[in-house]
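# Structural overview
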Amino acid sequence: MTSGSMNFDVTTLPIMTIYDFPKGPYPTRVRIALAEKNLQSRVEFVMVDLYKGEHKRPEFIAEKNYSGTLPVLELNDGTCIAECTAITEYLDTLDGAPTLTGKTPLEKGVIHMMSKRAELEVLDAISVYFHHATPGLGPNVEHYQNSEWGGRQRDKALRGMRYFNDVLKKQMFVAGDAFSMADITLIGGLVFASIVRLSVPAECEALLAWYTRMLERPSVKNQPAFA
């Protein structure tokens, strides 16, 4: 396997398992990365029902992911990789020619910075809002809620949308001039915004135009989250 090889054959890769909730915003991030890398055929998805709290069961936490979150990538030797950024990094470098996480030190630094900002300022903020200021996953999962904190995080997400609107006034993609993991993370944020019915502010025209373009991208529009 050599960097930039045009002869890489994905069928030589062993089958991987992804523990998944198909329409969830975080699993959608990994599903988009799989589609971008043309690796769908090398994955078997295992449904984990969030509303039943299957991701919080002791055996799942002990065997698959200490954090009790989705998605989780399991390799054929039993190694489990959690966290969307880590999974995307792994998938992106399997062929030795990364396209989502950057090739040069500068690209890698900017992409990871912008992806982290998309997580903190939009995606994770909406997640906190969902779990604390809405019914969330229901009483069997939401054992503690702080609606005031959830409301603050909703407002943070709206500020984050305005920040990314300013970014996208100046460039085509979140981290510069090419689609990357940072775009995928922000897409996940707007998927979650739709779930909780949190509208992108109308004045965020650049962000809305970017999202319209993203929804036309084959790796994005064919995901269960948009069915």
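Keep in mind the model is a prediction, meaning the values are calculated, not measured. (Residues numbered from 1 in each chain as written. Predicted model: local features only at pLDDT ≥ 70, side-chain atom pairs only at ≥ 80, totals over all residues. Heavy atoms only, no water.)

### Some thoughts on the pattern of salt bridges
Under the convention used in this document: When a carboxyl oxygen of Asp or Glu lies within 4 Å of a side-chain nitrogen of Lys or Arg, that pair is called a salt bridge. Segments assigned H or I by DSSP are reported as helices when at least four residues long, segments assigned E as strands when at least two residues long, and all are numbered from the N terminus. Throughout, exposure labels follow a simple rule: accessible area from a 1.4 Å probe, protein chains only, divided by the maximum for the residue type, with under 20% read as buried, over 50% as exposed, and the rest as partly exposed.
Within the structure shown, the criterion is met by eleven salt bridges. The partner of Glu119 in a salt bridge is Arg29, with the nearest N and O atoms 3.1 Å apart. Linking Glu119 in helix H4 (residues 105-133) with Arg29 in helix H1 (residues 25-36), this pair joins segments that are 90 residues apart in sequence. As far as burial versus exposure is concerned, Glu119 and Arg29 are alike and both buried. With a shortest N-O distance of 3.2 Å, Arg154 and Asp155 are connected by a salt bridge.

### Details of the sheet that holds strand E2 (residues 43-47)
Counted only if it meets this: Being paired, for any two strands, means DSSP has found at least two bridges between them. The angle between two axes is taken between their N-to-C directions and runs from 0 to 180 degrees, where each axis is a line fitted to C-alpha atoms and a helix contributes only its stretch in contact. Whether two residues touch is decided by their heavy atoms; if any such pair falls within 4.5 Å, the residues are in contact.
If you trace the four strands from one edge of the open sheet to the other, you get E2-E1-E3-E4, paired in mixed fashion. Looking along the sheet, the strands with just one partner apiece sit at the ends: E2 and strand E4 (80-82). If you compare each strand with its neighbour and ignore which way they point, the axes differ by 25° on average. Sheet analysis places strand E1 (residues 16-20) next to E2, joined by five bridges and oriented parallel. In the strand pairing of E2, Thr17 is matched with Glu44. Helix H3 (residues 84-93) contacts E1, strand E3 (72-74) and E4 of the sheet and is inclined by roughly 120° relative to E4.

### Examining the side chain of Arg42
The line we're drawing: For the charge count, each Lys or Arg is scored as positive and each Asp or Glu as negative, with His and the chain ends excluded.
Secondary-structure assignment places Arg42 in the loop between H1 and E2. One buried charge, Arg42, has no salt-bridge partner; the nearest side chain with opposite charge is Asp9, at 7.6 Å. Once you skip the residues sitting within four places of it in the chain, Arg42 turns out to touch Val10, Thr11, Leu13, Pro14, Ile15 and Met16.

### Quick notes on the packing of H1 against H3
Packed helix pairs are specified by the crossing angle of their axes together with the interaxial distance, meaning the distance between the axes. Test applied: Working definition: roughly parallel below 35 degrees, roughly antiparallel above 145 degrees, roughly perpendicular at 65 to 115 degrees, and oblique for all remaining angles. Nonpolar residues are Ala, Val, Leu, Ile, Met, Phe, Trp, Tyr, Cys and Pro. Charged residues are Asp, Glu, Lys and Arg, and all others, Gly as well, are polar.
In contact at an axis separation of 10 Å, H1 and H3 are set at 10° when each is read in the N-to-C sense. Considered as vectors, H1 and H3 are oriented roughly parallel to each other. On the side of H1, the interface is formed by Tyr26, Arg29, Val30, Ala33 and Leu34, while H3 contributes Cys84, Thr85, Ile87, Thr88 and Leu91. A class-by-class count of the residues in the contact of H1 with H3 yields seven nonpolar, two polar and one charged.

### Here we look at the environment of His131
Secondary-structure assignment places His131 in helix H4. By relative accessible area, His131 is classed as partly exposed at 24%.

### Some remarks on the pairing of E1
Burial of E1 is extensive: five of the five residues sit out of reach of the surface. Residues Met16, Ile18 and Asp20 point to one face of E1 and Thr17 and Tyr19 to the other, with burial holding for every one of them. One ladder, built from three bridges, connects E1 with E3; its direction is antiparallel. Directly across from Tyr19, in E3, lies its bridge partner Val72.

### Some details on the environment of Cys84
Its place among the elements puts Cys84 in helix H3. When its relative accessible area of 5% is taken as the criterion, Cys84 is described as buried. The spatial distance from the C-alpha of Cys84 to the C-alpha of Thr104 is 21 Å, given a sequence separation of 20 residues. Residues contacting Cys84, with those up to four places away along its chain left out, are Tyr26, Arg29, Val30 and Pro71.

### A closer look at the UniProt feature "domain: GST N-terminal" (unreviewed entry) in the chain
Operational definition: UniProt positions are given in the numbering used here, feature names are shortened, and annotations may be inferred rather than shown by experiment.
With numbering aligned to this structure, UniProt lists the feature "domain: GST N-terminal" (unreviewed entry) at residues 14-99. In this annotation, residues 14-99 is assigned 33% helix and 19% strand; the end-to-end C-alpha distance for the span is 21 Å.

### Overview of the environment of Gly176
Relative to the helices and strands, Gly176 resides in the loop between helix H5 (147-168) and helix H6 (181-195). The buried category is assigned to Gly176, whose relative accessible area is 16%. Separated by 118 residues in the primary sequence, Gly176 and Pro58 place their C-alpha atoms 42 Å from one another.

### Some details on the side chain of Glu74
What counts here: A 3.5 Å cut-off defines polar contacts: any pair of N or O atoms within that distance qualifies, except that in protein one atom must be a possible hydrogen donor and the other a possible acceptor, and neighbouring residues in sequence count only when both atoms are side-chain atoms.
Inspection of the secondary structure assignment puts Glu74 in strand E3. Judged by its relative accessible area of 14%, Glu74 falls in the buried class. Engagement of the side chain of Glu74 in a polar contact is seen with the side chain of Lys64, the distance being 3.1 Å.

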